[in-house]
Amino acid sequence: MLRRTLTRLMSLQHSHSIPSTSSSSSSSSSSSSSSSSSSSFSITSTSTSSPYSTTSSDLTLETLRKITQTTTVLPPAPTSWQEPFTPSPRVASFAAQNNLAFSNALRMFPGQNVQSMPLRISLCPKRAFNFYHQRYFEQYEHPLTEKTLHFYEEEMKKKPLWCYVHCSGADGSNTVVRTAARRYLTKVLAQALEREGYELSGRSLKPGEKELRGTIQVVVTEGKTLLNMDGKKLEEYVGLLVRKDIVPRLSGRLHQMNQEYERGKRQQPRDRQRSQQRGNRPQR
């Protein structure tokens, strides 16, 4: 009996101790949650009140003045490459006395098939300097200026026509390929001029014919393509340009042909008017 009573009392005590533990745990959890919430609140509150945050009111005139004083301003880009070519006074007087032009006076003429042919031909009615020598003719004279001018003095005595053939390395061709393409095209040009009765120097092979005077510049854009082309096709193309454009332009025939064409255009209305007047006359 006593044992039964003791076991009942122990069970009752155990049942009463569990809720007390749960309540304590709940209270502890509530306190921890409250502490965490308070800590989180404190964190957010400190984060919002950061001393490094800037507002529009902080940007005063003094701050802006300091920023502009410490900012470095870059100098403008050099524009020397945009300036036109200015020769030295000595070279300019030499060119004016001998009626010579610089390489920027060369112009391509229309009618060239630049899409399928790897070459560009430019002409100038005056004898023009080679653009490779233009670096010796700048405003501040080069040590080779005098020697280069002496070279052109000798060229003027021998050649009324100056021909330059250049080859570009834009297609990746080496020096051997460029040299071979330049020599090959020089030969083709000389043969085309010879068929028209002129030497490569511009002198006429026919007595009494006017010589060619000026400058021919040929630029090969792709040396490999030129050497792999059909030789007959290239010769026909260059020969056609020489016959229809180069010789008439440099011999003065083109100007004469234009004058004759303009004279014919003015003459046509007069002839038409005369024919009308004759048709209106009464028949006898």
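The structure presented is a predicted model; accordingly, all values stated were derived computationally and were not measured.

Q: Before we move on, could you go through the side chain of Ser-201 and cite the residues and values that matter?
A: Position of Ser-201 among the secondary structure elements: in the loop between α5 (175–195) and β6 (214–220). Take Ser-201: its relative accessible area is 14%, and that puts it in the buried class. Polar contacts involving the side chain of Ser-201 include one to the side chain of Glu-199, which spans 3.2 Å. Other than its neighbours up to four places away in sequence, Ser-201 contacts Lys-159, Pro-160 and Leu-161.

Q: Could you give an account of the layout of surface pockets, with specific residues and numbers?
A: Gaps left between atoms show up when a probe the size of a water molecule is rolled over them. Within this model, the largest pocket holds a volume of roughly 310 Å³. Contributing to the lining of the largest pocket are 16 residues, with Glu-155, Lys-159, Trp-162, Cys-163 and Tyr-164 lying nearest its centre. When residues of the lining of the largest pocket are assigned to their parent elements, the largest contribution, five residues, is made by strand β5 (residues 161–167). For the lining of the largest pocket, the residue count by class is nine nonpolar, four polar and three charged.

Q: Describe in detail unusual backbone geometry, supporting the description with residues and values.
A: Its identity is not glycine, yet Asn-99 carries a phi of approximately 55°, on the positive side. Of note, Asn-99 is situated in the loop between α3 (89–97) and β1 (100–101).

Q: I'd love a proper account of the nonpolar core, names of residues and values included.
A: A general trend in soluble globular proteins is that nonpolar side chains are found buried together. Ranked by internal contacts, the top residues of the largest apolar core, which has 29 residues, are Ile-121, Leu-185, Ile-216 and Val-238. Sorting the residues of this core by element identifies β3 (119–124), β5, α5, β6 and α7 (231–251) as the ones contributing at least two each. With residues near it in sequence (within four places) discarded, Leu-185 still touches Leu-119, Val-165, Val-218, Val-220, Leu-226, Leu-234 and Val-238. Residues Phe-94, Ala-95, Phe-102 and Tyr-152 belong to the second largest nonpolar core, which totals 13 residues.

Q: Help me get a handle on the sheet that holds β6, residues and values and all.
A: Taken in spatial order, the four strands of this open sheet run β2-β3-β6-β5, and their pairing is mixed. In this open sheet, the two edge strands, each paired with only one partner strand, are β2 (107–108) and β5. Where β5 meets β6, seven bridges bridge the pair, whose relative direction is parallel. Residue pairing in the sheet places Tyr-164 in a bridge with Gln-217 of β6.

Q: Talk me through α7; I want residue IDs and the actual numbers.
A: Of all the bends found along α7, the most pronounced is centred on Val-242 and spans about 45°. Every buried residue of α7 is accounted for by Leu-234, Tyr-237, Val-238, Gly-239, Leu-241, Val-242, Asp-245, Ile-246, Val-247, Pro-248, Leu-250 and Ser-251.

Q: Requested: an account of the pairing of β6, with residues and values cited.
A: The element β6 is largely enclosed, with a buried count of six among its seven residues. With six bridges joining them, β3 and β6 adopt antiparallel strand pairing. In the strand pairing of β6, Cys-124 is matched with Thr-215. For the handedness criterion, the β-α-β arrangement of β5, α5 and β6 is classed as left-handed.

Procedures and definitions
Residues numbered from 1 in each chain as written. Predicted model: local features only at pLDDT ≥ 70, side-chain atom pairs only at ≥ 80, totals over all residues. Heavy atoms only, no water. Helix = DSSP H or I, 4+ residues; strand = E, 2+ residues; numbered from the N terminus. Buried < 20%, exposed > 50% of the residue type's maximum accessible area, 1.4 Å probe, protein only. Polar contact = N/O pair within 3.5 Å; in protein donor to acceptor, adjacent residues only side chain to side chain. Contact = heavy atoms within 4.5 Å. 1 Å grid on protein atoms, 1.4 Å probe; cavity = no way out; pocket = protein on both sides within 12 Å on 5 of 7 lines; lining within 4 Å. Points joined across faces, edges and corners; volume = space filled by probe spheres on them. Nonpolar A, V, L, I, M, F, W, Y, C, P; charged D, E, K, R; others polar. Core = buried A, V, L, I, M, F, W, Y, C linked by side-chain atoms within 4.5 Å. Pairing = 2+ DSSP bridges. Bend = angle between axes of the 7 residues up to and from the residue. Right-handed = clockwise from strand over helix to strand, strands pointing away.

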